[in-house]
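Working through the structure, step by step
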2 protein chains.
Amino acid sequence: MAKRPKLQDDFITLAHGNGGRYMRELIDHLFVHYLQNESLDTTVDAARLSIDLMSGEQELMVTTDGFTVEPLEFPGGNIGSLAVHGTINDLAVSGATPIYLTLNAFIEEGLDVAVLERILAAMAEACRESDVRVVAGDTKVVRRGQGGGIYLATTGIGLRPRALKLGLELLQAGDKILVSGSVGDHGTAVMLAREQFGLRGDLQSDATSVFPIAQSLLTIPGLRFMRDPTRGGIATVAHEMARACSSTVRLLESSIPVKGPVRAVCEMLGYDPYFLACEGRVVAVLAPESADAALSLLNDNGFRDAAIIGEIMSGPSRVVLETRLGGERILEELEDDPLPRIC
Amino acid sequence: MAKRPKLQDDFITLAHGNGGRYMRELIDHLFVHYLQNESLDTTVDAARLSIDLMSGEQELMVTTDGFTVEPLEFPGGNIGSLAVHGTINDLAVSGATPIYLTLNAFIEEGLDVAVLERILAAMAEACRESDVRVVAGDTKVVRRGQGGGIYLATTGIGLRPRALKLGLELLQAGDKILVSGSVGDHGTAVMLAREQFGLRGDLQSDATSVFPIAQSLLTIPGLRFMRDPTRGGIATVAHEMARACSSTVRLLESSIPVKGPVRAVCEMLGYDPYFLACEGRVVAVLAPESADAALSLLNDNGFRDAAIIGEIMSGPSRVVLETRLGGERILEELEDDPLPRIC
């Protein structure tokens, strides 16, 4: 096996789960180190399987995701709908149509059965809306104090046109970056639902299927890449893009849609909304001549907050935020994050 | 939605996870109630997907499993190898060849990175042995005190010959029941590794891939059904069979292979070894005229402890154990189980 840097820590910390640098190191230095094979690519949202289909025009795609949100229910959803939407979304931004799901539930002894029912009902509703089917499942019960109520793990299977060209490797200087709606709603809604900072509010999570958005964007020639900015927010997606094309990603503070309550919470707690999770947004990268058409299409389809929020520029691999006042600051890769169990 | 009996409990208990009656009710009355669709069948180990393949002779199979074993490492394996083997085995007993895995890891803050490395190394080794590839993964970190070190969820994807006829619906009175090796080794090894009853021992778990066994048995005409007896042991598989064909499953105590240490622990603690988990055995049902050939084949392939342990008989749907002394007792469906986190 290839020699690789050791993890800097001897014990797993919360930062290993936040979507940022430590998590990337955990995955690259441990998971990928041991499990690498020609089919494993941690920079994609869904993997292509080398199984030839009857329809030669389609290919089989798979993705998997774990969900640990606290509280289990929050304005705009619960861990059940979140799991279905999150898995659908990873397929959708890969250009695939989700068809099947598998479900694992790790349930903590003592969980209220009424809560479990609401979680399952929300899963069922989310599956119906998106026409996906749960085809296999497993449940485990762990002792009281060994789980957070319930954790879910879902795997999604879908089909994608073989001819589709989409991926980080297509990015180039000059490309425009679009977001389909306001950022940080999910992270903020979950934080408020915890009431842990003495804050309350009725902000809704943005958690939903982005399949309709992704399908719209796929009609635009010049679409290069899509991702749903979950853990680590749009700033983390921007870092992935900057790394992939060894260029500078420039984001415009004045163009990034941030709702009032999100901005207020961020100002109070000193957070950057660009690092907060969304669960129903798409970040898309488009050739410069296609960006306006993509934006118009989303606006016409009811995504009024969609916006072009930046571009890729020649320059060192980094993420720069042009502030409202015309200055600029570097958005560093996320390191510490006080918010575990956000998705 | 169909009207269905309510769960008897308002809160989830450990018995909802033990493989027995309460778990079946949890799954049927809640999970299936909400998530039912024409592709969901909880009586199978792996689901057939309705996606036509280029090779018209094969069909796509998927299975999923969660793993919560405590301790994370035990004689004969760890949670990593267990997860790979368990998922491979569900495909194998369905007659499929496993090809791809997806992996979810829920890691508890504070987990020793050295333990995580050993878990991943064991996964990698188990994947190599069985020629399967991890193609997608996700990691989440939960706060200290909200997890049991690490929980894993794996989904397996494989291919199965379309022409294969195998399933609970084929069972009929007169069929013989075969087990590929000694029962209860895994459950007992994990129990001993906990030292929770003041017991110690170096019994190895039987956890391994049963793919070679399953492939051997598939060459026997008259093979009707296979299952790997994990949670709830062979008695639970016997109950599934009795329910499926509304007949009596008769097991012969004197024929069921049980190792000395397993027997000793069971006698000390008052357990029935027939309810203890195996993680590397196959229970197979064969037409009466095929049973001896199947047994010889397994014996010749090195499975010296394989044995014909019973049969299906006309009679009420129940499981009867013919004791060594020639008497008989009913093996009731598992209800309480003092051993959570066994797999």
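Keep in mind it's a predicted model, so treat the numbers as computed, not measured.

Quick look at the domain arrangement of chain A now. Residue and element names in this part refer to chain A. Domain boundaries assigned for chain A yield domain 1 (14-42 + 52-161) and domain 2 (168-330). Spacing between the C-alpha centres of domain 1 and domain 2 amounts to 22 Å. Tallying the contact residues gives 24 residues for domain 1 and 26 residues for domain 2. With both chains or domains summed, domain 1 and domain 2 bury close to 1900 Å², and 58% of this area falls on carbon and sulfur atoms.

A separate point is helix α4 (residues 185-194) of chain A. All names here are of chain A. Where burial is concerned, most of α4 is hidden: 9 out of the 10 residues are buried. Those residues of α4 lying buried are D185, H186, G187, T188, A189, V190, M191, L192 and R194. For α4, the secondary structure elements touched by its buried residues are β3 (73-74), α2 (79-92) and α7 (260-269). Among the residues trailing α4, E195 stands out with phi positive, at a value near 55°.

With that out of the way, let us pick up the sheet that holds strand β5 (residues 97-108) of chain B. Residues and elements named next belong to chain B. With mixed pairing, 5 strands are arranged side by side in an open sheet as β1-β2-β7-β5-β6. Looking at the sheet topology across the chains shown, the edges are occupied by β1 (47-49) and β6 (133-142). When strand polarity is set aside, the average angle formed by the axes of neighbouring strands in this sheet is 20°. Direction of pairing for β5 relative to strand β7 (residues 150-161): antiparallel, over a ladder of 10 bridges. Bridge pairing in β7 places I107 opposite I150. Contacts from helix α2 (residues 79-92) reach β2 (58-67), β5 and β7 within the one sheet, and its direction differs from that of β2 by about 145°. Most of the contacts of helix α3 (residues 113-130) go to β7, to which it runs at about 5°, and overall it touches β5, β6 and β7.

Expressed as a screw transformation, the operator carrying chain B onto chain A has a rotation angle of 180° and an axial translation of 0.0 Å, and the superposed copies differ by an RMSD of 0.0 Å. The transformation just described matches what one would write down for a two-fold rotation axis. An overlap of 100% is found between the interface residues of chain B and their copies at the interface of chain A, pointing to a shared contact surface.

As a further point, take empty space enclosed by the protein. A water-sized probe rolled over the atoms picks out the places where empty space is left. Residue and element names in this part refer to chain A. Counted by the stated rule, this structure contains 2 cavities of 30 Å³ or more. In this structure, the largest cavity spans a volume of roughly 110 Å³. Lining the largest cavity we find 13 residues, and of these G17, N18, L339, P340 and R341 sit closest to its centre. For the lining of the largest cavity, a count of residues per class yields 6 nonpolar, 3 polar and 4 charged. Counted as a void, the second largest cavity has a volume near 30 Å³. Lining the second largest cavity, in full, are I177, I234, V237, A238, M241, L251, V283 and I309. The element contributing the most residues to the lining of the second largest cavity is helix α6 (residues 233-245), with 4 residues. Class assignment for the residues of the lining of the second largest cavity results in 8 nonpolar, no polar and no charged.

Quick notes on the rules
Throughout this description, residue numbers start from 1 for each chain and increase along the sequence as written. For naming, the first written chain is A and the first written ligand is 1, with later ones following in the order written. Totals for whole chains, interfaces and linings use every residue, but because this is a predicted model, local features are given only for residues with pLDDT of at least 70 and side-chain atom pairs only at 80 or more, for both listing and counting. For side-chain calculations, the full set of non-hydrogen atoms in the structure is used, while hydrogens and water are omitted. How far each domain reaches was decided by an automatic or database domain assignment. In this analysis, two residues are considered to be in contact whenever any of their non-hydrogen atoms come within 4.5 Å of each other. Summed over both partners, buried area is the accessible surface (1.4 Å probe) that two parts give up on being assembled. Only protein chains enter the area calculation, which uses a 1.4 Å probe; residues under 20% of their type maximum are buried, those over 50% are exposed, and those in between are partly exposed. The secondary structure listing takes helices from DSSP runs of H or I that are at least 4 residues long and strands from runs of E that are at least 2 residues long, numbered from the N terminus. DSSP-based pairing: two strands are paired if at least 2 bridges between them are found. A fitted line through C-alpha atoms represents every axis, and for helices the fit uses only the stretch in contact; the resulting angles, taken between N-to-C directions, go from 0 to 180 degrees. Superposition of the copies was done by least squares, using only C-alpha atoms of residues whose pLDDT is at least 70 in both. Buriedness for pockets is judged along seven lines, at least five of which must meet protein on both sides within 12 Å for an open set on the 1 Å grid over protein atoms alone, while cavities are sets there where a 1.4 Å probe fits but cannot get out, and lining residues have an atom within 4 Å of a point. Grid points are joined across faces, edges and corners, and a volume is the space filled by probe spheres set on the points. Residues are sorted three ways: Asp, Glu, Lys and Arg are charged, Ala, Val, Leu, Ile, Met, Phe, Trp, Tyr, Cys and Pro are nonpolar, and all the rest, Gly among them, are polar.

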